[in-house]
Amino acid sequence: MLFHTWSFLLFLLIVLPIFFALRKTRLWLVWLLTVSYFFYGRWNPYSLLVVLYITVLDYFLVALMERCPEEGDEAGGLTSPTRLTRLTPNRGVWLAIALVANLLPLLFFKYARFVSENLSAVLSLLHLSVKLPDPSSLMPFGIRYVLPVGISFFTFQSMSYVIDFYLGKVERERNVLRFANFVCFFPIVMSGPIERAGHLLPQFHQFPAIRLHNFTDGLSLFLVGLFKKLALAGYLSLYVERVYDNPASCGAPALILGTVAFGWQLFFDFSGYTDMARGVAKLMGFDLLQNFNSPYLATGIGDFWRRWHISFSRWILDYIFMPLQMYWRDWRYAGTAAALVITFLVSGIWHGAAWTFIIWGALHGLGLAATFALERSAYYRKRVPTLLKQAGTFCFVSFTWIFFRADSLGDALVIVRRMFTAAWRDPQVPALMLVLVALVWLYEYVNESKLRRVLEISVVRVGLAVVMVISLCLFSSGGGTFIYFQF
Amino acid sequence: MGKESPTEKTLLNACQWLAVLAIVLPVVWLTPRLWERIERYDTGPDYRVPYELSNDYWLYSRRLRQVSDPNQIVVLGDSVVWGEYVLPDGTLSHFLNQESGAADRYINAGVNGFFPLALEGLITYYGQSLCHRKVVLQCNVLWMTSPKADLSSEKEEPFNHSRLVPQFHPRIPCYRADANERFSAIIECRAGFLAWVNHLQNAYFGQKSLPQWTLQDDGGSPPRYPNLWRNPLRQITLVVPSAPQDDSQRGPTSPRHKPWSEDGRGSTQFEWVGLDASLQWQALQRVIATLRGRGNNVLVVLGPFNEHMMAEDNRPAYRRIRDGVAAWLAENRIPHVVPETLPSALYADASHPLTEGYALLAKRIVAKPTFQNWLTGTTNRP
């Protein structure tokens, strides 16, 4: 059930009135969980087992962790009234168990085949005739081996709760219903934003205060998301597919424009999804994290990651980069650079089990390692023209999208090679598409400039909303599923 | 967490939302109505909806609204009424006009690719203007010749005009659209603005959405994309396209316009679907009920089915179905005619006559006393 479908509208028309009707009872949490499980289970009921596994696992592991003496509390442990306390594993052990157990389904469903195939290839190169089993053969009861939608999102979200509890940033959630809702809240379970326990969990403690602005803001966000998905991403995908389905037949300009178009398509698709998710949550009185902030106006790679998929970049920053940087702090610049490269390698792997994603992550890691000091320098910030910085960042980011989008590493390399060697012939790009993208870019540019007040005038806002509604009827080209669902 | 995103800044407050609604609702309501006034739509005698616009239900609805003279009789049906193998001047409505001596008394309201289950949706949602007038409804038993044709087969089958068929009830076993497609179809049928958008796509953009049209290729190798830099607004000529003047696929000079068989005898064994189980027959019954409920005076023409095509032992089953339909019509006091089977050489296939076949069929229908009584009847009420 996708946000931009009539089925979802019907779903919402059933969910919302009952949700509001239950506001004075404790059943609203039960209702929310029921509809979330229904929403998620409609994709593949068996995937719900993974959600339940993660929920139960983290709920109980944090409970066990709570019973342990805190790290560095050895003395307290020794002086505790019972010897049992001394014998229980400390929180670090439970954390390690939690991380491994959380990652197991992700590793199995997302990476097992990739690892198995690559290991088999290596073994055959070494003339070892060891046949590794295909992970699909390990599935019980004839259940199909398919990646549970959104597994990377809800796993990381739940893990953040465990880690934050370990770090003392959040209290243990004692109500299993609240925690289950946190893991599987239907607006975000498929593609985020990856929420933090400290932000979302408290919102489940009491029925949210619903005001008129919840409806108006929610509808506004939903409209913007719908417009991005149906009118813009859907259109761009037609051109991108034509180029990327057969890169060997395209000239250099088509490959360049196809790659740029993909960058915008991905932005409209993913940020459109996020806007709709935030809009739906807002209609119910919940506030979700912001995930995008005009990423193609970024003035550096670091700035890009502060604007693109913000909830995920904050996650990897907090839980991967920071510990690594702390661990290698004595290496100074080299330590930070190494931490960045490893963090973004993980980011690439998180996106998918393919060499293309690993290279995409590595490129960003290397790019950040090479430029993070420059980005902070006064010369770069004050002397280099903003447009130039934006153009440079956009070119780099667009180049990396080649590896993100290409169907295989071979295709990606063909595209890169042909971009520099193929003939310069007509890219066969529709003028209307260029105009639409240019208008969106102009809108974002104005929005970050001194002219932004123009966009805050009521007439302009209303006009834009009217244009979006009418365009949805005239421009819509189906939409299809969301790109980030595969992650 | 960074600055407020552009999205946050475009959030509308309640007053602004009201302003949006105050603009959008009139636009959505008025545009199709104004469009009908400014877009030229030439019909005239023997007009039929062009084959390329068969999916343009908004245009069909407009066509029915144009039939303003209460004495005009609308002929409803599938491609048999539309005239699959013949030119506009070779159709049933043309020859009925000829028999009546009037140029435009009988209106060809057949649509190519239709069948009763789709006709039901068309009449329900796009044929509201069809009320208090005489209607000739053709009943084609071709749709009961097999579970596949009846759409009652359990095997998934693609078929035309799926957005018009009942989406949930009654269940069509071979229709496997997901819930969203079904909801979309239901909403599209009820939203006039969306039907108008569909009209624009059908009439001016080659049955494609605007984005798809800009990227449409010419089918060559290597493909060329003629619409990339074309101004889409210039496509909208404000004149509904008419059927091509020289249709090489239809008419006496077309290679398709020939008898179905050289010796005129067939051995086809149809897997007839009984009337009790037939989804198409049930749909036709509902169409009749809808039309009569709107005050129309309906006459059903049962046939012309090509009996020559069937094996001898298959004919009794056909006759049972034909007689069953006739009996139900008689039982419900619905005027109906069952024209005799045409000579074999006048059929192009199982149910479509050739030009001479339509001429003979019209003569036979007009000659029936039932038809004459129905025609001269003064009341439009059933």
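Residues numbered from 1 in each chain as written. Chains lettered and ligands numbered in written order. Predicted model: local features only at pLDDT ≥ 70, side-chain atom pairs only at ≥ 80, totals over all residues.

A count of helices and strands for chain A gives 21 helices and zero strands. Over its C-alpha atoms chain A spans a radius of gyration of 24 Å, differing by no more than 12% from the 23 Å that the globule rule assigns to 487 residues. If one aligns the C-alpha atoms of chain A with their principal axes, the spans along those axes are about 80 × 65 × 55 Å. Going through the 487 residues of chain A one by one, you find that 43% of them count as buried. A fraction of 72% describes how many contacts in chain A between residues 6 or more apart in sequence connect residues 24 or more apart. (Helix = DSSP H or I, 4+ residues; strand = E, 2+ residues; numbered from the N terminus. Rg over C-alpha atoms; globule rule 2.2 N^0.38 Å. Buried ≥ 20, exposed ≤ 12 C-beta atoms within 10 Å, placed from the backbone. Contact = placed C-beta atoms within 7 Å.)

On the chain A side, the residues contacting the 37 residues of chain B number 48 residues. Listed by contribution, the elements that provide at least two residues to the side of chain B that touches chain A are α1 (6-9), α2 (14-38), α8 (179-190), α9 (192-204) and α10 (210-214) of chain B. At eight residues, α2 of chain B tops the list of elements feeding residues into the side of chain B that touches chain A. Broken down by class, the residue content of the side of chain B that touches chain A amounts to 24 nonpolar, eleven polar and two charged. (Nonpolar A, V, L, I, M, F, W, Y, C, P; charged D, E, K, R; others polar.)

Moving on: the sheet that holds strand β2 (residues 106-110) of chain B. All names here are of chain B. The parallel open sheet is built from five strands, whose spatial order is β2-β1-β3-β4-β5. Edge strands, defined here as strands with exactly one partner in the open sheet, are β2 and β5 (336-337). Pairing of strand β4 (residues 297-302) with β5, which is carried by two bridges, proceeds in the parallel orientation. The partner of V301 across the bridge, within β5, is V337. Together, β1 (73-77) and β2 form the strand contacts of helix α5 (residues 92-100), whose direction differs from that of β2 by roughly 170°. (Pairing = 2+ DSSP bridges. Axes fitted to C-alpha atoms, helices over the stretch in contact; angles between N-to-C directions.)

Before going further, it helps to spend a moment on the packing of helix α21 (residues 458-475) of chain A against α2 of chain B. Close contact between α21 of chain A and α2 of chain B brings their axes to 9 Å; oriented N to C, the two are set at 40°. Taken together, the axis directions place α21 of chain A and α2 of chain B in an arrangement best described as oblique. As α21 of chain A packs across α2 of chain B, the resulting crossing turns out to be right-handed. Residues S458, R461, V462, A465, V466, V469 and I470 of chain A of α21 of chain A touch α2 of chain B, and the partners they reach there are Q16, A19, V20, I23, V24 and V27 of chain B. Considering only residue class, the contact of α21 of chain A with α2 of chain B consists of ten nonpolar, two polar and one charged. (Parallel < 35°, antiparallel > 145°, perpendicular 65-115°, else oblique. Left-handed = near helix turned anticlockwise from the far one by under 90°.)

A few words on the domain arrangement of chain A. Residues and elements named next belong to chain A. If you check the domain split of chain A, you get domain 1 (6-206) and domain 2 (213-486). Placing a centre on the C-alpha atoms of domain 1 and another on those of domain 2 gives a separation of 27 Å. Residue-level contacts link 23 residues of domain 1 with 22 residues of domain 2. Elements with a minimum of two residues in the side of domain 1 that touches domain 2: α1 (6-21), α6 (91-125) and α7 (151-166). In the side of domain 1 that touches domain 2, the residues fall into 13 nonpolar, seven polar and three charged. (Domains from an automatic or database assignment.)

Here we come to the pairing of strand β3 (residues 134-139) of chain B. All names here are of chain B. With six of six residues buried, β3 is to be regarded as a mostly interior element. On β3, burial covers both faces: K134, V136 and Q138 on one face and V135, L137 and C139 on the other are all buried. Looking at chain direction, β1 and β3 are connected through three bridges and run parallel. Paired with V75 across the bridge in β3 is V136.

Our focus in this paragraph is the nonpolar core. Core analysis: the biggest nonpolar cluster contains 133 residues, and V162, V189 and L236 of chain A have the highest contact counts within it. When we break this core down by domain, the ones giving at least three residues each are domain 1 (6-206) and domain 2 (213-486) of chain A. What V162 of chain A contacts, discounting residues up to four positions off in sequence, is D58, L61, V62, L95 and A98 of chain A. Counting residues in hydrophobic clusters, the runner-up holds 86 residues, among them Y57, V81, I107 and A283 of chain B. (Core = buried A, V, L, I, M, F, W, Y, C linked by C-beta atoms within 7 Å.)

Take the pairing of β2 of chain B next. All names here are of chain B. For β2, the tally of buried residues reaches five of five residues, placing the bulk of the element in the interior. Residues Y106, N108 and G110 line one face of β2 and the alternating positions I107 and A109 line the opposite face, and both faces are buried. Here five bridges tie β1 to β2, and the two strands are oriented parallel to one another. Bridging from a neighbouring strand, L76 pairs with A109 of β2.

This part is about unusual backbone geometry. The omega torsion of the bond from G192 of chain A to P193 of chain A falls at 5°, within 30 degrees of zero and hence cis. Residue H169 of chain B is joined to P170 of chain B through a cis peptide bond whose omega torsion reads -5°. Along the chain, the position of P170 of chain B falls in the loop between α7 (147-150) and α8. The backbone phi angle of F141 of chain A is positive, close to 55°, even though this residue is not glycine. Looking at where F141 of chain A falls in the secondary structure, it is placed in the loop between α6 and α7. Phi is positive for R332 of chain A, close to 55°, though the residue is something other than glycine. Assignment of secondary structure puts R332 of chain A in the loop between α13 (310-327) and α14 (333-351). Since 9 C-beta atoms lie within 10 Å of it, R332 of chain A is described here as exposed.

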